[in-house]
Amino acid sequence: MPVLDAPEERLRKFKYRGKDASVLRQQRVVVSMELRKARKDEQALKRRNITLPSYDPASETPAKVPGLSLEEIIEGVNGSNPVIWFVATQAARKMLSQEKNPPLKVIIEAGLIPRLVEFLKPSLHPHLQLEAAWALTNIASGTSEQTRAVVEGGAVPPLVVLLSSPHMTVCEQAAWALGNIAGDGPEFRDLVISSNAIPHLLDLMRADIPISFLRNLTWTLSNLCRNKNPYPSKEAVMQMLPRLALLLGHNDNEILSDTCWALSYLTDGHNQRIEQVVNMGILPRLVELMSCPELNVLTPSLRTVGNVVTGTDQQTQMAIDAGALKVLPQLLKHPRSSIQKEAMWALSNVAAGPRHHIQQLIEGGILPGLGEFRVQKEAVWTVANFATGASVDQLFQLVHSGVLGPLVNLLKVPDIRLIVIILDVIAHILQAAEKTQQQACLRQLIEELGGIERLEALLMHDNPRVSRGALAIVDKYFGELIGDETSKHFCTAGLP
């Protein structure tokens, strides 16, 4: 689906242990990550209909009529002749279906919306209903202001009624219009839900409907799951989840894509929300879809599983039991860096778990590395979570995997937050080594990797968190290797 302009960066939960062992898994840090920018809307919020359905008698309109001017459309729509209503409404719909620069604003300012809403009445001819619903669909595909004009014109209740029309194309167009309205944001989403649209949409999802109709219905359901300020009501979610679980077994990529996006929205939140989804038993299928070669299916299925592992230890274990740790390492080598980042983000949250989760990472051969991936920033989070939660034995398996070299090299990046995290990791590893006979070897390894030079350079860093972090490591573990002149210079900089 086309990428639309994202209204804001997608904020994500990111587990990070930090230094306080008492909060370990419970800590949730909301991080605005680079990989999240504008990616929420890889699924279209709204869509215009520019093609004519051909599988229903309601779409077989009377003979073609010549194009009308805007003035003639306004006069015809506001007249009293039902035949002219149809001709004028069809002409307006054709204007609104132009691929480039459809005159949405012009039609709204002409005051046509109230009349188009009137033409949705069940007592009128289905041809007129179809054209009016189609025109409103395309107006609602515009800006939030234009969608609001459709809503304030009273379109939602009659559109919901049209979901029960005996004419399939009329039902589909009404569903499409409601999908555009719901996609505008939580206010209109909840209006569509409170108008009792969900049961009607679910009733339309029969085995005998055309695939294009089922795609539209699935997309509309996904928009009813979208947005989290506030989230859709629990009642609405529980109405939709069983059908979404069934749709997850479909073989059409577009249906699978929209279904996975819906599930990603529903798991993007509190643990209770995640629980509702995982209790449907769909994690094995989601993990299976993470191996799909089609990006439009892989991306939202990976996103959903990534959301699940932000949850409780039990929810994370359910994802592991479903096979997530067998697929995620493969995705770290995906040609798309965005997929690598999503996979590393998921692994980082697994690493933030208890030691038996860390052990499962080790046993799966997924010791976090930094050098071989194009997503080093995300990998640092994974290493940090792993290091601060691991046992001493697990920690030294991490060290022996070769992680220290890339960590030391990253101490020269301009990202202050990243440097602080790396300093935390190095300090934690050195502290753990105090309990073993390995400290001398570890200090020698850091020296051989150029770590002392990097730490010495950071003593003069402008950011006090960086300079203090470096000083704490140097004073405790490498003081005798850094000359007095450096220490004096550091003190004269006015830093404690």
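Everything numeric in this text was worked out from a predicted model, so none of it was measured.

### Some points on the overall build of the protein chain
Each helix and strand counted, the protein chain has 28 helices and two strands in total. Counting across all 496 residues of the protein chain, residues that qualify as buried make up 55%. In the protein chain, once contacts between residues fewer than 6 apart in sequence are set aside, the share between residues at least 24 apart is 73%.

### Observations concerning the packing of helix H5 (residues 126–140) against helix H8 (residues 168–182)
Two elements in contact, H5 and H8, have axes separated by 9 Å at closest approach and are oriented at 20°. With respect to H8, the axis of H5 lies roughly parallel. In this structure, the crossing between H5 and H8 has a hand that is left-handed. Contacts between H5 and H8 involve Pro126, Gln129, Leu130, Ala133, Trp134, Thr137 and Ala140 from the first element and Thr169, Val170, Gln173, Trp176, Ala177, Asn180 and Ile181 from the second. Each residue belonging to the contact of H5 with H8 can be placed in one class, and the counts come to nine nonpolar, five polar and no charged.

### Considerations on the packing of helix H10 (residues 197–204) against helix H11 (residues 211–225)
Between H10 and H11, the shortest axis-to-axis distance is 10 Å and the interhelical angle comes to 155°. When the axes of H10 and H11 are compared, the pair comes out roughly antiparallel. For H10 against H11, the interelement crossing comes out left-handed. Each of Ile198, Leu201, Leu202 and Leu204 in H10 lies in contact with H11, whose residues at this interface are Phe213, Leu217, Thr220, Leu221 and Leu224. Taken together, the residues of the contact of H10 with H11 break down into eight nonpolar, one polar and no charged.

### Quick word on the packing of aromatic side chains
Counted under the stated rule, the structure contains two aromatic pairs. Taken together, a centroid distance of 6.2 Å and an interplanar angle of 25° make the contact between Trp261 and Tyr265 stacked. One end of the pair, Trp261, and the other, Tyr265, are both in helix H13 (residues 253–266), four residues apart, so they sit about a helical turn from each other. The pair Trp261 / Tyr265 is uniform in exposure class, with both members buried. Looking at Arg47, its charged tip hangs above the ring of Trp219, at a distance of 4.1 Å from the centre.

### Let's talk about the nonpolar core
Of all hydrophobic cores here, the largest spans 153 residues; its most connected members are Leu159, Ile181, Leu224, Leu244, Met290 and Leu328. Looking at which element gives the most residues to this core, the answer is helix H24 (residues 416–433), with twelve residues. When sequence neighbours within four positions are dropped, the list of residues in contact with Leu159 reads Leu120, Ala133, Ala174, Ala177, Leu178 and Ile181.

### Description of helix H19 (residues 337–351)
The first and last C-alpha atoms of H19 sit 21 Å apart over 15 residues, in line with the 21 Å expected at 1.5 Å per residue. A large share of H19 lies buried, amounting to 14 of its 15 residues.

### What to know about the confidence of the model for the protein chain
Across the protein chain, pLDDT averages 86, with 84% of residues at or above 70. Scored below 50 in pLDDT, residues 1–14 shows 55 contacts in the model against residues more than four places distant or in partner chains. The low-confidence segment residues 19–41 (pLDDT under 50) makes 72 contacts with residues lying over four places distant or belonging to another chain.

### As for the pattern of salt bridges
Counted by the stated rule, this structure contains 16 salt bridges. Taking the shortest distance from any N to any O, the salt bridge between Lys476 and Glu434 comes out at 3.4 Å. Here the residue Lys476 occupies a position in helix H27 (residues 464–478), and Glu434 occupies one in the loop between H24 and helix H25 (439–448), the gap between them amounting to 42 residues. A relative accessible area of 52% means that Lys476 is categorised as exposed. It is possible to trace a salt-bridge network through shared partners that takes in Arg47, Arg215, Asp252 and Glu254.

### Re the environment of Thr310
Among the structural elements, Thr310 can be located in the loop between helix H16 (295–308) and helix H17 (313–321). Taking the relative accessible area as the measure of exposure, Thr310 reaches 2% and is therefore buried. With 40 residues separating them along the chain, Thr310 and Val350 place their C-alpha atoms 8.0 Å apart. A distance of 2.5 Å separates a polar atom in the side chain of Thr310 from the backbone oxygen of Asn307.

### A short note on unusual backbone geometry
Between Asn229 and the following residue, Pro230, the backbone shows a cis peptide bond with an omega angle of 5°. If you trace the backbone, Pro230 turns up in the loop between H11 and helix H12 (234–247). The phi dihedral of Asn196 is positive, around 70°, even though this residue is not glycine. Structurally, Asn196 can be placed in the loop between helix H9 (186–194) and H10. Classification of Asn196 as partly exposed rests on a relative accessible area of 41%. Phi at Asn227 takes a positive value of approximately 75°, unusual for a residue other than glycine. Along the chain, Asn227 turns up in the loop between H11 and H12.

Cut-off values and rules
Residues numbered from 1 in each chain as written. Predicted model: local features only at pLDDT ≥ 70, side-chain atom pairs only at ≥ 80, totals over all residues. Heavy atoms only, no water. Helix = DSSP H or I, 4+ residues; strand = E, 2+ residues; numbered from the N terminus. Buried < 20%, exposed > 50% of the residue type's maximum accessible area, 1.4 Å probe, protein only. Contact = heavy atoms within 4.5 Å. Axes fitted to C-alpha atoms, helices over the stretch in contact; angles between N-to-C directions. Parallel < 35°, antiparallel > 145°, perpendicular 65-115°, else oblique. Left-handed = near helix turned anticlockwise from the far one by under 90°. Nonpolar A, V, L, I, M, F, W, Y, C, P; charged D, E, K, R; others polar. Phe/Tyr/Trp six-rings, centres within 6.5 Å; stacked < 30°, edge-to-face > 60°. Lys NZ or Arg CZ within 6 Å of the ring centre and 35° of its normal. Core = buried A, V, L, I, M, F, W, Y, C linked by side-chain atoms within 4.5 Å. Expected span 1.5 Å × (residues − 1). pLDDT = per-residue confidence, 0-100. Salt bridge = Lys/Arg side-chain N within 4 Å of Asp/Glu carboxyl O. Polar contact = N/O pair within 3.5 Å; in protein donor to acceptor, adjacent residues only side chain to side chain.

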